[in-house]
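Here are the chains, one letter per residue:
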Amino acid sequence: MDLIDNRPLNRVAPVCPELPQFLAKTDAARHWVAATGGRRIKGVCVPLFSLRSDRGCGIGDVGDLPGAIDYCARSGMELLQLLPINDSGLDGVPYSAMSAFAIDPAFIAIDDIPGLDETFLLHVSSVTAPFREAGRIDNPRVRRLKIELLRQAWALVRTDTLLAALDAFCADNPWVVGYAAFKVVKDIEGLRPWEEWASVAGLSTDQVIKLARATPDFNFHVFCQYTADRQFAAAHRYARSRGVLLEGDIPILVARDSADVWAERWMFHLDFAAGAPPDMYAEDGQHWGFPTYNWDAIERDDYRWWRQRLRTAQRYFDCYRIDHIVGFFRIWTIDVHAPNGRQGWFDPSDEAVWGDHGRKILGMMLDSTDMLPLGEDLGTIPHICRSTMLDMGICGLKVQRWEKRWEGDRKFIAPADYLPVSVATLSTHDCELAPEWWRNADAADRQELWELLGGQGPAPTEMSPELATTYLRWFDGCGSLFTVHALGDLLYAAGRLPGDPADHRINVPGQVGPRNWSWRCPVSLE
């Protein structure tokens, strides 16, 4: 899969000479040194589940990462960005995972588990063949099948030596114990939310863990995490050997029905939920259902859970996207039983403390690992959030279609003028790919961009692959230190994205359905 035009760029924004000195004085100075040295980085973003290969099981997994890393290296890209890789159950929604730590078992490469013979691997290939050829991921069916195959693999490779290794893994990673117990009981309870568990009603978390550890399934779930940990750590080492950075994704919030909330209830305000206030897009606001954090209690514990979460991620990634970074400064909070997000408030309520609140949490995150954090700061963001991020050396996100002089003439900001401490992109997983946006854009926006790209006369209503190539090459001259393209945009420009670009959208926020989080790359890694 070779899709990138590597001819010299028409216009590359120079990195200002004062930038290295500026970064060296920020809180993130050592993180910049560890990740990029302050040089400009070009990369690609693709969900791991979307990767397609001849060895796959109908959903991309860690065994596909070397091929994706090689693609980046051949194409002159130095970064591969993934969406969250945490256990997202059967529906595969990456931002509503069952654990902030555990890797999704669906992402385990079965053909890379030591001790499995050729007969079993041929069986795996045979039963997964129908899913391997499918256009989209059938998440519930593929995930159920993969769990069953992992159970069969566990039965084949289980030894006393492996059991001892699992015990050591639990000792080094205490979160695994609570997670495995959570999974055991959740299976017993028919996947019902933990607040509805009848079989362990009235028991403490420690009592439930003790009972779960005595079941055969407990070690199976530990085995999955042990295996995933080793496979992802190996992929990380391979990426480094190829000169490619791996970027992870750390969602700020945690699903209510998760191992973390069940085992660490003291960390959360379970009477409240996070959301968004009413705006022009949602007149009733938004009710996300995720519990909000009890930051006072977390601080008294020296942020133990957060530090452990980040240090676990550091085994697999060089940098990480912070989803909804503004939530560390203030978050819209509503009653958990409220019908919508209208009757809410910002927490903290005092706007004067928002800057210190966010700075303290981000400082803890920087202190915990060498990974470079990259903030997602889209939407209505208070000035104190972005000014604090810049002061600390943390990138914000620039999406070309939304980067305008909103308080001036409302024209597009030239990408060459983007703040260097930023990540620039044409599309995200939550919006249309560039050609679909072009088709649906306001005619004035389309005409303005057409002229910025050197077009003459009326702008075409459809973006051709040739125009998409021009658009990508023009945008690659942006001033941001990171330029990351959605794989779908690269495929379209190369003429390798069949059908309507709208069919290749990854997620439509606010909608639930089989087309969300099920996109598969139409081009095999081979």
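Everything quoted here is computed from the prediction, not taken from an experiment.

What follows is about the state of the cysteines. With the rule as written, the count across this model stands at 0 disulfides. Between Cys 385, a free cysteine, and Cys 395, which holds the nearest cysteine sulfur, the sulfur-to-sulfur gap is 13 Å. A relative accessible area of 0% means that Cys 385 is categorised as buried. The closest cysteine sulfur to the non-disulfide-bonded Cys 521 is located on Cys 72, 12 Å from its own sulfur.

A few words now on the side chain of Arg 401. Inspection of the secondary structure assignment puts Arg 401 in the loop between β12 (396-399) and β13 (422-425). Judged by its relative accessible area of 3%, Arg 401 falls in the buried class. In this structure the side chain of Arg 401 is engaged in a polar contact, spanning 2.9 Å, whose partner is the backbone oxygen of Leu 426. Side-chain polar atoms of Arg 401 contact the backbone oxygen of Glu 432, separated by 2.9 Å. Here Arg 401 is in contact with Phe 412, Leu 426, Ser 427, Cys 431, Glu 432, Leu 433, Ala 434 and Trp 437, once residues within four sequence places are set aside.

What follows deals with the sheet that holds strand β1 (residues 41-45). Pairing within the open sheet is parallel, and its 8 strands lie in the order β11-β8-β3-β2-β1-β14-β13-β12. This sheet does not close on itself; its edge strands, each paired only once, are β11 (372-375) and β12. Each neighbouring strand pair of the sheet contributes to a mean axis angle of 30 degrees, computed without reference to strand direction. Sheet topology note: the β1/strand β2 (residues 79-81) ladder contains 3 bridges and is parallel. Bridging from a neighbouring strand, Val 44 pairs with Leu 80 of β2. Along the sheet, helix α12 (residues 304-313) contacts β3 (245-251) and β8 (319-323); its crossing angle with β3, the most-contacted strand, is approximately 155 degrees.

Analysis parameters
- Along each chain, numbering runs from 1 in the same order as the chain's sequence is written.
- Only residues with pLDDT of at least 70 are given local features in this predicted model, and only at 80 or more are side-chain atom pairs given and counted; all residues enter the totals for whole chains, interfaces and linings.
- Side-chain metrics in this entry use all non-hydrogen atoms of the structure; hydrogen atoms and water are not considered.
- For the purposes of this analysis, a disulfide is any pair of cysteine sulfur atoms at a distance within 2.5 Å.
- Relative accessible area decides the class of each residue, using a 1.4 Å probe on protein chains only: under 20% of the type maximum gives buried, over 50% gives exposed, and in between gives partly exposed.
- By definition, any uninterrupted DSSP run of H or I lasting at least four residues is a helix, any uninterrupted run of E lasting at least two residues is a strand, and each is numbered from the N terminus.
- A 3.5 Å cut-off defines polar contacts: any pair of N or O atoms within that distance qualifies, except that in protein one atom must be a possible hydrogen donor and the other a possible acceptor, and neighbouring residues in sequence count only when both atoms are side-chain atoms.
- The contact criterion used throughout is that any non-hydrogen atoms of two residues lie within 4.5 Å.
- Any two strands with at least two DSSP bridges between them are considered paired.
- Axis definition: a line fit to C-alpha positions, over the contact stretch in the case of helices; interaxial angles, taken between N-to-C directions, run 0 to 180 degrees.

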